[in-house]
Amino acid sequence: MANASLCVGLVCIDIVAESERFPVEDTDHRIPNLSYRRGGNASNSCSVLAQLGMKTEFLGTLSNSIQLDFIQRDFAEHSVSIEHCPIFPDCEFPTSIVILNACNSTRTIMHHPTNLQELGVQHFTNLNLNNYSWIHFEGRSANVDNIKQMIKFVRENSKSIKISVEIEKTRTVLGELLPLGDVVFISKEFSQFSGFPTMKEAVKGFIGLSRPGCIVVCAWGSEGAAAGQNVNGTDVVKCQSASAPCRIIDTLGAGDTFNAAFVYSQINLWDWKKGLEFACHIAGCKIGLKGFLGLE
Ligand code: FRU
């Protein structure tokens, strides 16, 4: 699998309720559609990278439960390899109950982490790094110390592999991953939690905390996204507006799609400004589709 992209992080079950409006508490609410999907940020980003034509592998923990067959088949249908994922007995897959609200296109996620353990450093150091050109790490607050060791292992054993890191959830500890990526994706929520009211201010602020030459990317939902880099002592920042399909169908995983499309642009050595435009375009396509198949 030479030159493959690897995404390290979560795979979970998403039970997605598609509703015409947000339910009223303590009522019995009928919905037009319910789907059972493979989710998780790194797992979703893998589906998109594979769609874009990359050889793609997911690395995360799996549970030897009744859902394992569904998860394995779904990765295979999306052409994502899971050959190095450890499988644990006596546990369940983390599960999200998701409400997609057709009225305003929000996706509300209630997530239960279950008793599935996080990925250990030994699961990562078993890999043959020669197979990969890009490794993307989903920042997970329960696993920050292990992720830091995995990144250290890559830096010590490969000069060519590029690393991206995603900081999404509002947990202070995730900030420890900021200085470690060649590309760092920081969510609107984490940016606001860190005191930055706009995407431009967030990118500028985080450039100062990241690795020299790092590309900092902040997606800002329906407002679009910004990216930036310090070039010869000057911060260069670009803002890009969101691209909207004719009809918004499914916003679940739009951020994971954006990240994967930006990674794709960088694997292909595009200028990051062009990568930002492309990522906004692909995220716009995704919200016009159910799931991740059919992106273009
Ligand atoms: C979307 C997603 C879902 C999952 C949740 C986990 O970004 O990855 O697929 O249920 O977030 O936080």
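Scope of this entry: the structure provided in the associated data block. Throughout, a residue's number is its position along its own chain's written sequence, starting from 1. It should be noted that, the model being predicted, local features are given only for residues of pLDDT at least 70 and side-chain atom pairs only at 80 or more, the latter also being counted only at that level, while totals for whole chains, interfaces and linings use all residues. Excluding hydrogens and water, the side-chain values take into account all heavy atoms of the structure.

**Some remarks on the overall build of the chain**
Okay, step 1: When its secondary structure is counted, the chain shows 8 helices and 15 strands.
Okay, step 2: Our radius of gyration is a C-alpha quantity, and the globule rule it is checked against amounts to 2.2 Å times the number of residues to the power 0.38. For 296 residues, the compact-globule estimate of 2.2 N^0.38 gives 19 Å, and the C-alpha radius of gyration of the chain, at 18 Å, lies within 12% of that figure.
Okay, step 3: Seen along its three principal axes, the alpha-carbon backbone of the chain occupies a region of about 60 × 40 × 35 Å.
Okay, step 4: Between two residues, a contact is recorded if the distance between any of their heavy atoms is within 4.5 Å. The long-range fraction of contacts in the chain, counting pairs at least 24 apart against all pairs at least 6 apart in sequence, stands at 67%.
Okay, step 5: Shrake-Rupley sampling with a 1.4 Å probe provides the accessible areas, and residues are treated as covered by the protein chains on show and by no other component. Summed over its atoms, the accessible surface of the chain is roughly 13,600 Å², and 51% of this surface lies on carbon and sulfur atoms.
Okay, step 6: Think of it this way: Lys and Arg go in the positive column, Asp and Glu in the negative one, and His and the chain ends go nowhere. Throughout, a charge is located at the NZ atom of Lys, the CZ atom of Arg, the CG atom of Asp or the CD atom of Glu. Across the chain, the mean location of the 25 positive side-chain charges is 6 Å away from that of the 30 negative side-chain charges. We count a stretch as a helix when DSSP gives it H or I for four or more residues in a row; a strand needs E for two or more, and each element gets its number in order from the N terminus.

**Digging into the side chain of S45**
Okay, step 1: On the secondary structure map, S45 appears in helix α1 (residues 41-51).
Okay, step 2: Classification of S45 as buried rests on a relative accessible area of 3%.
Okay, step 3: Ignoring anything within four residues of it in the chain, the contact list for S45 reads C7, D256, N259 and A260. Relative accessibility decides the category of a residue: with a 1.4 Å probe and only protein chains considered, values under 20% of the type maximum give buried, values over 50% give exposed, and everything between is partly exposed.

**Brief notes about the pattern of salt bridges**
Okay, step 1: The term salt bridge refers to a pairing of a side-chain nitrogen on Lys or Arg with a carboxyl oxygen on Asp or Glu at a separation within 4 Å. Here the structure, examined in full by the defined rule, presents 15 salt bridges.
Okay, step 2: For E138, the salt bridge goes to R140, with nearest N and O atoms at 3.4 Å.
Okay, step 3: With a closest N to O distance of 2.5 Å, E176 and K148 form a salt bridge. Placement of the pair is E176 in the loop between β11 (162-167) and β12 (183-187) and K148 in helix α4 (residues 144-157), with a sequence separation of 28 residues.
Okay, step 4: The exposure class assigned to E176 is partly exposed, which follows from its relative accessible area of 36%.

**Some thoughts on unusual backbone geometry**
Comment: phi is negative for the bulk of residues other than glycine, and the bulk of peptide bonds are trans.
Okay, step 1: The phi dihedral of D26 falls on the positive side, at around 65 degrees, and the residue is not glycine.
Okay, step 2: If you trace the backbone, D26 turns up in the loop between β2 (12-19) and β3 (33-39).
Okay, step 3: Positive phi values are uncommon outside glycine, yet S79 reaches one of about 60 degrees.
Okay, step 4: Residue placement: S79 occurs in the loop between α2 (68-77) and β6 (80-81).
Okay, step 5: By relative accessible area, which is 55% here, S79 ends up exposed.

**As for the site of the ligand**
Okay, step 1: In the vicinity of the ligand, the residues found are C12, D14, G39, G40, N41, N44, S96, I109, K169, L252 and D256.
Okay, step 2: Between N or O atoms, a polar contact is any pair within 3.5 Å; within protein, one atom must be a potential hydrogen donor and the other a potential acceptor, and residues adjacent in sequence are included only when both atoms are from side chains. Between the ligand and D14 there is a distance of 2.6 Å, counted from an oxygen atom to a side-chain nitrogen or oxygen.
Okay, step 3: Take S96: an N or O atom from its side chain is 2.6 Å from an oxygen atom of the ligand.
Okay, step 4: Here the ligand, which alone exposes 310 Å², has 93% of that area covered by the protein.
Okay, step 5: Of all elements in the fold, only β2 and α1 reach the threshold of two or more residues within the shell around the ligand.
Okay, step 6: The residue inventory of the shell around the ligand, partitioned by class, reads 3 nonpolar, 5 polar and 3 charged. Note on definitions. A residue lies near a molecule or strand when any single heavy atom of the residue is within 4 Å of it. For this classification, the nonpolar set comprises Ala, Val, Leu, Ile, Met, Phe, Trp, Tyr, Cys and Pro, the charged set comprises Asp, Glu, Lys and Arg, and every other residue, Gly included, is treated as polar.

**Remarks on α1**
Okay, step 1: Across the 11 residues of α1, 10 count as buried, placing the element largely inside the fold.
Okay, step 2: Every buried residue of α1 is accounted for by N41, A42, S43, N44, S45, C46, S47, V48, L49 and A50.
Okay, step 3: Backbone geometry just after α1 places G53 at a positive phi near 105 degrees.

**Brief notes about the packing of aromatic side chains**
Okay, step 1: Classification of ring pairs uses Phe, Tyr and Trp, with its six-membered ring standing for Trp, and accepts pairs whose centres are within 6.5 Å; under 30 degrees between planes counts as stacked, over 60 as edge-to-face, and the remaining range as tilted. Inspection of every chain in the model, using the stated rule, returns 11 aromatic pairs.
Okay, step 2: When the centroid spacing of 5.8 Å and the interplanar angle of 90 degrees are considered together, the rings of F185 and F262 count as edge-to-face. Taken together, the positions of F185 in strand β12 and F262 in helix α7 (residues 254-267) put the pair 77 residues apart, joining distant regions of the chain. Accessibility classification places F185 together with F262 in one group, the buried group.
Okay, step 3: Ring geometry for F190 against F193: centres 5.8 Å apart, planes inclined by 55 degrees, an arrangement best described as tilted. Of this pair, F190 and F193 both sit in helix α5 (residues 188-193), 3 residues apart, which is roughly one turn of that helix.
Okay, step 4: A relative accessible area of 4% places F190 in the buried class.
Okay, step 5: Of the aromatic side chains, those joined through ring pairs into one cluster are F190, F193, F196 and F206.
Okay, step 6: Ring-over charges, as used throughout, are those where CZ of Arg or NZ of Lys falls within 6 Å of the ring centre and within 35 degrees of the ring normal. Sitting over the ring of W272, K273 keeps its end group 5.5 Å from the ring centre.
Okay, step 7: Looking at K274, its charged tip hangs above the ring of W270, at a distance of 4.2 Å from the centre.

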